[in-house]
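Breakdown of the fold
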Amino acid sequence: MSGIVVVGGGFAGVWSAAGAVRLGRAAGRELPVTLISPGDDLVIRPRLYQAEPERMRVSLDRILGPVGVRRIAAAATGIDTSGRSVTTVDETGRIAEIGYDRLILATGSELVRPELPGAELLFDVDTMPTATDLDAHLNRLPELPSGDGRFTAVVIGAGFTGLEIATELADRLGALAAARAPGDKTRVVLVERADTIGPELGPGPRSEISDALAALGVEYRLGVSVASVEPDRVTLSDGTHLATRTAIWTAGVRANGLTAGIPGTRDRLGRLDVDENLAVTGVPQVYAAGDTAAAAAEPGHQVMQCCQHALQLGKFAGHNAAADLLGLPAVPFTTSPYVTCLDLGSHGAVFTNGWDRRVVATGAVAKDRKRKVNELWIYPPTDDPDELLRQADYRFSVRQIAGTPPV
Ligand SMILES: Cc1cc2nc3c(=O)[nH]c(=O)nc-3n(C[C@H](O)[C@H](O)[C@H](O)COP(=O)(O)OP(=O)(O)OC[C@H]3O[C@@H](n4cnc5c(N)ncnc54)[C@H](O)[C@@H]3O)c2cc1C
């Protein structure tokens, strides 16, 4: 038996693998479960906007090794849904074919970088390599010749990620300049094509966000985009120049490109349409989880590309793929009420509840929750098979890890 093959070692992939093992064991069966991921670690992607991003990782073998998940360190390059196999290539260039009985695609999402002059000079915080590049660049700023724009960052896109990195940088650039180049001016400018800050976040948290930007001195330019990037400046679509050595692109995320290799239908984010059990519509034996899945969260709402949903989607996809293989009933996907927690640097954070993002906590209270989300609640247990399998139950939510409901 080829068993269950999970492609992707992020939040959805890890919990898919654990969810499949859990059901197999509950049914008295040891199902072969294989996880294919190019890296050795679960990257804690929501923390990549913070300093020292290289710390934001957890060994996949310490999470999944103790429950017997086989790991293949390689990237999937193709999926043959008729022949039921995945083609992989490892870092030595070796190509292999991995057969599956059930496949779970959990390869996440990726930033869509723009095509504009100088686009290669844009930093981002989407992946471990790009976030560590930005971090190293920031640490080198004090060594660059003093001058206009040395400690200026231009953040393009004032959505969730743009706001988190901009507010983080307001503090970080200030501390860098104060320690290593006293007297140098620091500046963070958010550039947003829409005519409002956080356009996709809605009006709920907007006044808290505006207060934070004002308190931290983060400037913003609305209704403009970036026309070109040079090593020492950014030119906006209205012709304005901003002197900077640090332009960071955060706008636009799509499902990972492997979704294109599955013959299903997709939504505008490239996510595969799935049924209530997370099986890809019209493609037998294939499930999708996390940022690759366009699943219904509640009537009228699709899941978001976020950790809260990725974790739960993984548990359900793992359970249902295993159930399908074992001839057990599937469990329709459900998720706990949607919440968000946006970091606002030293100003605090803003915690919202519901799809209309009603603010339920701000300032230090919300910041404390954000820290717990980032540093505790989204981390899977390591070296602890019993606890991993306990949490891999689809009925277990982050609210239980938190001990008390996070809102
Ligand atoms: C800077 C930043 C801040 C964020 N902040 C928040 C936040 O505050 N709250 C929140 O809920 N969400 C946040 N998110 C979004 C969140 O990180 C994602 O929604 C979440 O990581 C999705 O989980 P996933 O498992 O679907 O995908 P990912 O975590 O992206 O994992 C995908 C995995 O697939 C692997 N993979 C990719 N291609 C292949 C391939 N070809 N073959 C094999 N493996 C492959 C990758 O290496 C990775 O291991 C943030 C994201 C970023 C970038």
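Everything below is about the structure shown above.
Anyway, here's the lowdown on the structure attached to this text. (Residues numbered from 1 in each chain as written. Predicted model: local features only at pLDDT ≥ 70, side-chain atom pairs only at ≥ 80, totals over all residues. Heavy atoms only, no water.)

Here we look at the packing of aromatic side chains
- Applying the stated criterion across every chain, the model contains three aromatic pairs.
- Seen in terms of ring centroids, Phe316 and Phe333 are 5.2 Å apart; in terms of plane orientation they differ by 80 degrees. Their pairing is edge-to-face. Here the residue Phe316 occupies a position in helix 6 (residues 307–326), and Phe333 occupies one in the loop between helix 6 and strand 24 (339–343), the gap between them amounting to 17 residues. As far as the burial class goes, Phe316 and Phe333 line up, both buried.
- Seen from their ring centres, Phe316 and Tyr394 are 5.0 Å apart, and the 50 degrees between their planes marks the pair as tilted. Of this pair, Phe316 sits in helix 6 while Tyr394 sits in the loop between helix 8 (385–391) and helix 9 (398–402), and the two are 78 residues apart along the sequence. The burial state of Phe316 is the same as that of Tyr394; both residues are buried.
- By way of ring pairs, the aromatic residues Phe316, Phe333 and Tyr394 are connected into one cluster.
- Above the ring of Phe351, the side-chain terminus of Arg369 is found at 5.3 Å from the ring centroid. (Phe/Tyr/Trp six-rings, centres within 6.5 Å; stacked < 30°, edge-to-face > 60°. Helix = DSSP H or I, 4+ residues; strand = E, 2+ residues; numbered from the N terminus. Buried < 20%, exposed > 50% of the residue type's maximum accessible area, 1.4 Å probe, protein only. Lys NZ or Arg CZ within 6 Å of the ring centre and 35° of its normal.)

Examining helix 4 (residues 160–180)
- The end-to-end C-alpha distance of helix 4, which contains 21 residues, comes to 30 Å, matching closely the 30 Å that a straight helix rising 1.5 Å per residue would cover.
- The sharpest bend along helix 4 measures roughly 30 degrees and falls at Leu169. (Expected span 1.5 Å × (residues − 1). Bend = angle between axes of the 7 residues up to and from the residue.)

With respect to the side chain of Lys315
- Assignment of secondary structure puts Lys315 in helix 6.
- Here Lys315 is in contact with Trp15, Ser16, Gly19, Gln391, Ala392, Asp393, Tyr394 and Phe396, once residues within four sequence places are set aside. (Contact = heavy atoms within 4.5 Å.)

What about the sheet that holds strand 12 (residues 186–192)?
- The strand order across the open sheet formed by four strands is 13-12-11-17, and the pairing between neighbours is parallel. Where the open sheet ends on each side, the last strands, each with one partner, are strand 13 (219–222) and strand 17 (246–249). Ignoring which end each strand starts from, the neighbouring axes of this sheet average 20 degrees apart.
- Here strand 12 pairs with strand 13 via four bridges, running parallel. Of the residues in strand 13, the one forming a bridge with Val191 is Arg221. (Pairing = 2+ DSSP bridges. Axes fitted to C-alpha atoms, helices over the stretch in contact; angles between N-to-C directions.)

Observations concerning the pattern of salt bridges
- Tallied over the entire structure, the rule returns 27 salt bridges.
- Measuring nitrogen to oxygen at the nearest pair gives 2.8 Å for the salt bridge that ties Glu219 to Arg187. Of this pair, Glu219 sits in strand 13 while Arg187 sits in strand 12, and the two are 32 residues apart along the sequence.
- Between Arg221 and Glu219 there is a salt bridge, with its nearest N and O atoms 3.8 Å apart.
- Its relative accessible area of 27% is what places Glu219 among the partly exposed residues.
- The network of salt bridges with common partners includes Arg22, Asp393 and Arg395. (Salt bridge = Lys/Arg side-chain N within 4 Å of Asp/Glu carboxyl O.)

Points about the sheet that holds strand 15 (residues 233–236)
- Taken together, the three strands give an open sheet; going across it, the order is 14-15-16, and neighbouring strands pair in antiparallel fashion. At either end of the open sheet lies a strand with only one pairing partner, and these are strand 14 (226–230) and strand 16 (241–243). The sheet shows a mean angle of 20 degrees between the axes of neighbouring strands, direction not considered.
- Note that strand 14 and strand 15 share four bridges and pair antiparallel. Paired with Val229 across the bridge in strand 15 is Val234.

Remarks on the site of the ligand
- In the region of the ligand, 31 residues are neighbours, and Ala12, Arg45, Ala76, Asp291 and Cys307 sit closest.
- Within the backbone of Asp291, a nitrogen or oxygen atom sits 2.8 Å from an oxygen atom of the ligand.
- Here Cys307 contributes a backbone N or O atom positioned 2.7 Å from an oxygen atom of the ligand.
- In isolation the ligand exposes 1000 Å². Once the protein is present, 85% of that is buried. (Near = heavy atom within 4 Å. Polar contact = N/O pair within 3.5 Å; in protein donor to acceptor, adjacent residues only side chain to side chain. Areas by Shrake-Rupley, 256 points an atom, 1.4 Å probe, with all protein chains shown as cover.)

Some points on the pairing of strand 1 (residues 4–7)
- Neither face of strand 1 is open: one carries Ile4 and Val6, the other Val5 and Val7, and all of them are buried.
- In terms of strand pairing, strand 1 meets strand 9 (residues 102–105) through four bridges, oriented parallel. The residue bridging Val7 from the neighbouring strand is Leu105, located in strand 9.
- As paired elements, strand 1 and strand 2 (residues 33–37) share four bridges and run parallel to each other.

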